[in-house]
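One letter stands for each residue in the lines below.
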Amino acid sequence: AQSVTQPDIHITVSEGASLELRCNYSYGATPYLFWYVQSPGQGLQLLLKYFSGDTLVQGIKGFEAEFKRSQSSFNLRKPSVHWSDAAEYFCAGPSGGSNYKLTFGKGTLLTVNP
Amino acid sequence: DAMVIQNPRYQVTQFGKPVTLSCSQTLNHNVMYWYQQKSSQAPKLLFHYYDKDFNNEADTPDNFQSRRPNTSFCFLDIRSPGLGDAAMYLCATRDRGYEQYFGPGTRLTVT
């Protein structure tokens, strides 16, 4: 089935450390993929998106993600985490062959220690 | 700023008492979505509109209905809320691109 998977439920990093959140996808063709962030009690905010072309995608708030076809991955990275990055992060891709629906990973909760 | 607005942000209703959540958008997008999100879970799509065409997910309970009177507004009606319907309800929109734009959500409490 077409899907995205986030293997890490919860990650803790120290402020200033680097971050990598994992996302694996299962699609026959090259999918479009997204990373969203959700702060407590808020809606989802789009961090970045990949459609085609350059496999390294830059997003907002200093985040980037790299699409790796050989590993079926679309991992999110940030070189130096800030306390304000503590949130839930969702990877998303197309759902059920529809161009109008998204399927979300289960999310990764990021905790940032001072 | 163009945006997706949800009202109210917090809604408390009684068990079995109908409740309506609203969503409006200034983006003029032709697709609107309603999601249900329970604590520590991913958003779950309930239904979406492509213009006036309504698309229900197969596992969305009949208790949930929706209306879209015009491009800007979309409503979620819960006819007889149960305790299990307590959740965050997210509205989102989409235009010709693939990304969806989310509102801040309405937190529904059922007492």
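Please read all numbers here as calculations on a predicted model, not as lab measurements. (Residues numbered from 1 in each chain as written. Chains lettered and ligands numbered in written order. Predicted model: local features only at pLDDT ≥ 70, side-chain atom pairs only at ≥ 80, totals over all residues. Heavy atoms only, no water.)

Enquirer: For this particular structure, what's the right way to read the state of the cysteines?
Expert: In protein chemistry, a disulfide is the covalent bond that joins the sulfur atoms of two cysteines. Residues and elements named next belong to chain A. Within this structure, the stated rule accounts for two disulfides over all chains. Cys23 shares a disulfide with Cys91; S-S distance 2.0 Å. Between Cys23 and Cys91, the disulfide has an S-S torsion of -60 degrees and is therefore left-handed. With Cys23 in the loop between β3 (19-21) and β4 (24-26) and Cys91 in strand β10 (residues 87-95), this pair connects stretches of sequence that are 68 residues apart. Just as Cys23 is buried, Cys91 falls in that class too. (Disulfide = S-S within 2.5 Å. Helix = DSSP H or I, 4+ residues; strand = E, 2+ residues; numbered from the N terminus. Buried < 20%, exposed > 50% of the residue type's maximum accessible area, 1.4 Å probe, protein only.)

Enquirer: Please clarify how the pairing of strand β8 (residues 73-78) of chain B should be interpreted in this entry.
Expert: Every other side chain in a regular strand lies on the same face of the sheet, so the side chains alternate between the two faces. All names here are of chain B. Counting buried residues in β8 gives five out of six residues, a clear majority hidden from the surface. Bridge analysis of strand β3 (residues 19-25) against β8 gives six bridges, and the strand direction is antiparallel. Bridged to Ser24 within β8 is Phe73. As paired elements, strand β7 (residues 64-67) and β8 share four bridges and run antiparallel to each other. Its bridge partner being in β8, Arg67 is matched across the sheet by Phe75. (Pairing = 2+ DSSP bridges.)

Enquirer: Help me understand the interface of chain B and chain A in this model?
Expert: How large an interface is tends to be reported as the accessible area lost when its parts come together. With 21 residues of chain B at the interface, the matching set in chain A holds 19 residues. Here chain B packs against chain A, burying approximately 1700 Å² in sum over the two surfaces, 58% of which is carbon and sulfur. On the chain B side of the contact with chain A, B:Tyr98, B:Glu99 and B:Phe102 bury the most area, a combined 32% of that side's loss. Counting the contacts that link chain B with chain A gives two salt bridges. Between A:Lys101 and B:Glu57 there is a salt bridge, with the nearest N and O atoms lying 3.0 Å from each other. Our count for the chain B to chain A interface comes out at seven residue pairs in polar contact (both at pLDDT 80 or more). Of all the secondary-structure elements, those providing two or more residues to the side of chain B that touches chain A are β4 (31-37), β5 (44-50) and β9 (87-94) of chain B. It is β4(B) that contributes the most residues to the side of chain B that touches chain A, four residues altogether. Residues that form the side of chain B that touches chain A fall into these classes: twelve nonpolar, five polar and four charged. (Contact = heavy atoms within 4.5 Å. Buried area = accessible area lost by both parts, 1.4 Å probe. Salt bridge = Lys/Arg side-chain N within 4 Å of Asp/Glu carboxyl O. Polar contact = N/O pair within 3.5 Å; in protein donor to acceptor, adjacent residues only side chain to side chain. Nonpolar A, V, L, I, M, F, W, Y, C, P; charged D, E, K, R; others polar.)

Enquirer: What's the story with unusual backbone geometry in this structure? I'm lost.
Expert: Backbone geometry follows two general trends: most residues other than glycine have a negative phi, and most peptide bonds adopt the trans configuration. Of note, the amide linkage connecting B:Asn7 to B:Pro8 takes the cis form, showing an omega dihedral of -15 degrees. Relative to the elements of secondary structure, B:Pro8 occurs in the loop between β1 (4-7) and β2 (10-13). The residue A:Lys61 is not glycine, and still its phi comes out positive at about 60 degrees. Notably, B:Ser40 is not glycine yet its phi reads approximately 60 degrees, a positive angle.

Enquirer: Help me understand the side chain of B:Ser22, please; the structure alone is not making it clear to me.
Expert: Residues and elements named next belong to chain B. Locating Ser22 in the fold gives a position in strand β3. What makes Ser22 buried here is its relative accessible area of 19%. Separated by 3.0 Å, the side chain of Ser22 and the backbone oxygen of Asn7 make a polar contact. Residues within four places of Ser22 in sequence aside, it is in contact with Ile5, Gln6, Asn7, Trp34, Cys74 and Phe75.

Enquirer: Whenever I open this one, the environment of B:Tyr101 confuses me. Can you help?
Expert: Residue and element names in this part refer to chain B. Relative to the elements of secondary structure, Tyr101 occurs in strand β10 (residues 101-102). Taking C-alpha positions, Tyr101 is 14 Å from Cys74, a pair spaced 27 residues apart along the chain. Each residue touching Tyr101, except ones within four places of it in the same chain, is listed here: Val4, Leu27, His29, Cys91, Ala92 and Thr93. Polar contacts involving the side chain of Tyr101 include one to the side chain of Glu99, which spans 3.2 Å.

Enquirer: Quick question: what am I supposed to make of the sheet that holds β3(B) here?
Expert: Where strands meet in a sheet, backbone hydrogen bonds hold them as pairs that are either parallel or antiparallel. All names here are of chain B. Judged by pairing direction, the sheet is antiparallel, and its four strands sit side by side in the order β1-β3-β8-β7 without closing on themselves. Edge positions in the sheet fall to β1 and β7, since each has one partner strand and no second. Averaged over all pairs of adjacent strands, the angle between their axes in this sheet comes to 20 degrees, without regard to strand direction. (Axes fitted to C-alpha atoms, helices over the stretch in contact; angles between N-to-C directions.)

Enquirer: Can you help me understand the environment of A:Tyr89 in this one?
Expert: Residue and element names in this part refer to chain A. Summarising the element assignment, Tyr89 is placed in strand β10. Separated by 59 residues in sequence, Tyr89 and Thr30 place their C-alpha atoms 22 Å apart. Ignoring anything within four residues of it in the chain, the contact list for Tyr89 reads Gln6, Leu21, Trp35, Tyr36, Val37, Leu47, Phe63, Leu76, Gly107, Thr108 and Leu110.

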